[in-house]
Amino acid sequence: MSHALKDAIRSYFAKKGYADGLYATEIDGLTLMRSTTEILPNPTVYRPSLCVVVQGAKQVLFGDRLFKYAEMQYLVISVALPAFGRVTKASAETPLLAFYLDFDMSILRDVMSALEAPPPKSGEAGFGVFVANLSEPFADCLTRLIRLLESPAAIPVLYPAVMREICFWLLTGPHGGEVCTLALPNSHTQRISRAIHLLREQFSKPIRIEQLAAVAGMSASSFHQHFKMLTAMTPLQYQKQLRLLEARRLLIDSGANVAHAAYRVGYESASQFSREYARMFGRPPKRDATDLRAQPA
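Residues numbered from 1 in each chain as written. Predicted model: local features only at pLDDT ≥ 70, side-chain atom pairs only at ≥ 80, totals over all residues. Heavy atoms only, no water.

Chemist: Looking at this model, I keep getting lost on the overall build of the chain. Mind explaining?
Modeler: Each helix and strand counted, the chain has 12 helices and 10 strands in total. The C-alpha atoms of the chain give a radius of gyration of 20 Å, which matches the 19 Å a tight globule of 297 residues would have. Principal axes of the C-alpha set define a box for the chain whose edges measure 55 × 45 × 30 Å. Sorting the 297 residues of the chain into buried and exposed places 48% on the buried side. Across the chain, every contact between residues at least 6 apart in sequence was considered, and the portion connecting residues at least 24 apart equals 70%. When the accessible surface of the chain is split by element, carbon and sulfur atoms take 52% of a total near 14300 Å². Taking the average location of the 33 positive side-chain charges in the chain and that of its 26 negative ones, the two points are 7 Å from each other. (Helix = DSSP H or I, 4+ residues; strand = E, 2+ residues; numbered from the N terminus. Rg over C-alpha atoms; globule rule 2.2 N^0.38 Å. Buried < 20%, exposed > 50% of the residue type's maximum accessible area, 1.4 Å probe, protein only. Contact = heavy atoms within 4.5 Å. Areas by Shrake-Rupley, 256 points an atom, 1.4 Å probe, with all protein chains shown as cover. Lys, Arg positive; Asp, Glu negative; His and termini not counted. Charge placed at Lys NZ, Arg CZ, Asp CG, Glu CD.)

Following this line, the structure appears as structure tokens:
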């Protein structure tokens, strides 16, 4: 089945002229990736999603937790998380082939409710990311997902059924309990997700732990503990990464100067902003933005 999945994704990139890059597709939330070179850590915010490596290898750093996944393995992310992704194995002869699929929470909940029994849960919050191997039935399902791109007219009719099957294999797989927490309305994952939503919407404003804890329906101490357990960072570290990622976007896309970008994302001190920016991205903000703008798209 792994050969069929490789053939399907290779066929897609053949129509793109075998060009490297990220490709949004006709299926909402499905993005395909090809790279013939190893790529240095690239910061971004990952949405709750399924990330599959069909060929090559990648790694992602969430806070202080590093996850590696390679050919015919997948990574599941249960909450929106800032992270550093890196391609660690790719070449012109054997390029990285991968794809990302955002979860459809309504379908996930529907499939979970149809199971005879919910997947067993550990009873405590765990980290919101895991890596697993693709089984043959799961790989076959994902092959049909990629092949849907060859028939755009079939996508609205067939995609919901394929997504249901994807949710089924995840919920009945070795990490079904972790996937289950994405859909349970009052799980720790969902409570923390509500606080993360507020944090992402108001990342440029000062925000108190007590305010986030109230949104999650937890005490401040319990919220702080579960937030760090799920995201591998504190709420303030999470907010800082969001601020710096948005500042980087402003510097690159709109040509904002350093002081303006710092102010826009909530910093009162441009010097503090520059120090923290350099720690995260490895270069001062002005030089980083100049170098990135000079690179090919």
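Chemist: What should I look at first to understand the sheet that holds strand 1 (residues 21-24) in this one?
Modeler: Taking strand neighbours across the sheet as the criterion, the 6 strands line up as 1-2-9-4-7-10 in an open arrangement whose pairing is antiparallel. Both edges of this open sheet fall to strand 1 and strand 10 (129-133), since each of them pairs with a single strand only. Neighbour-to-neighbour, the strand axes of the sheet open up by a mean angle of 20°, direction not taken into account. As paired strands, strand 4 (residues 49-55) and strand 7 (residues 73-77) are joined by 5 bridges and run antiparallel to one another. Among the inter-strand pairings, V53 is bridged to a residue of strand 7, identified as Q73. Relative to strand 9 (residues 96-102), helix 3 (residues 136-147) is tilted by about 85°, and along the sheet it contacts strand 2 (30-35), strand 4, strand 7 and strand 9. (Pairing = 2+ DSSP bridges. Axes fitted to C-alpha atoms, helices over the stretch in contact; angles between N-to-C directions.)

Chemist: Looking at this structure, how should I read the pattern of salt bridges?
Modeler: Two side chains with opposite charge may pair up if their charged atoms get near one another. Applying the stated criterion across every chain, the model contains 14 salt bridges. In this structure, D110 engages R164 in a salt bridge whose closest nitrogen and oxygen atoms are separated by 2.3 Å. Placement of the pair is D110 in helix 2 (residues 105-114) and R164 in helix 4 (residues 155-171), with a sequence separation of 54 residues. By relative accessible area, R164 is classed as partly exposed at 34%. For E246, the salt bridge identified is with R249, shortest N-O distance 2.7 Å. Linking E246 with R249, this pair stays in helix 9 (residues 235-254), spanning 3 residues, or about one helical turn. What makes E246 partly exposed here is its relative accessible area of 21%. Salt bridges sharing common partners tie together R248, R283, D288 and D291. (Salt bridge = Lys/Arg side-chain N within 4 Å of Asp/Glu carboxyl O.)

Chemist: Is there a simple way to think about the confidence of the model for the chain in this case?
Modeler: Caution is warranted with low-pLDDT regions, since their predicted coordinates should not be read in detail. Counting all residues, the mean pLDDT for the chain is 90, and 96% of those residues have values of 70 or more. By mean pLDDT, helix 5 (residues 176-183) is the weakest element of the chain at 83, and strand 9 is the strongest at 97. (pLDDT = per-residue confidence, 0-100.)

Chemist: Sorry, what's going on with the sheet that holds strand 5 (residues 57-62) here?
Modeler: Backbone hydrogen bonds hold the strands of a sheet together, and the pairing may be parallel or antiparallel. In spatial order, the strands read 3-8-5-6; together these 4 strands make up an open sheet with antiparallel pairing. Single-partner strands in this sheet number two, and they are strand 3 (39-46) and strand 6 (65-70). In this sheet, neighbouring strand axes are inclined to one another by 25° on average, regardless of whether the strands run parallel or antiparallel. Bridge analysis of strand 5 against strand 6 gives 6 bridges, and the strand direction is antiparallel. By the bridge assignment, V60 is partnered in strand 6 with F67.

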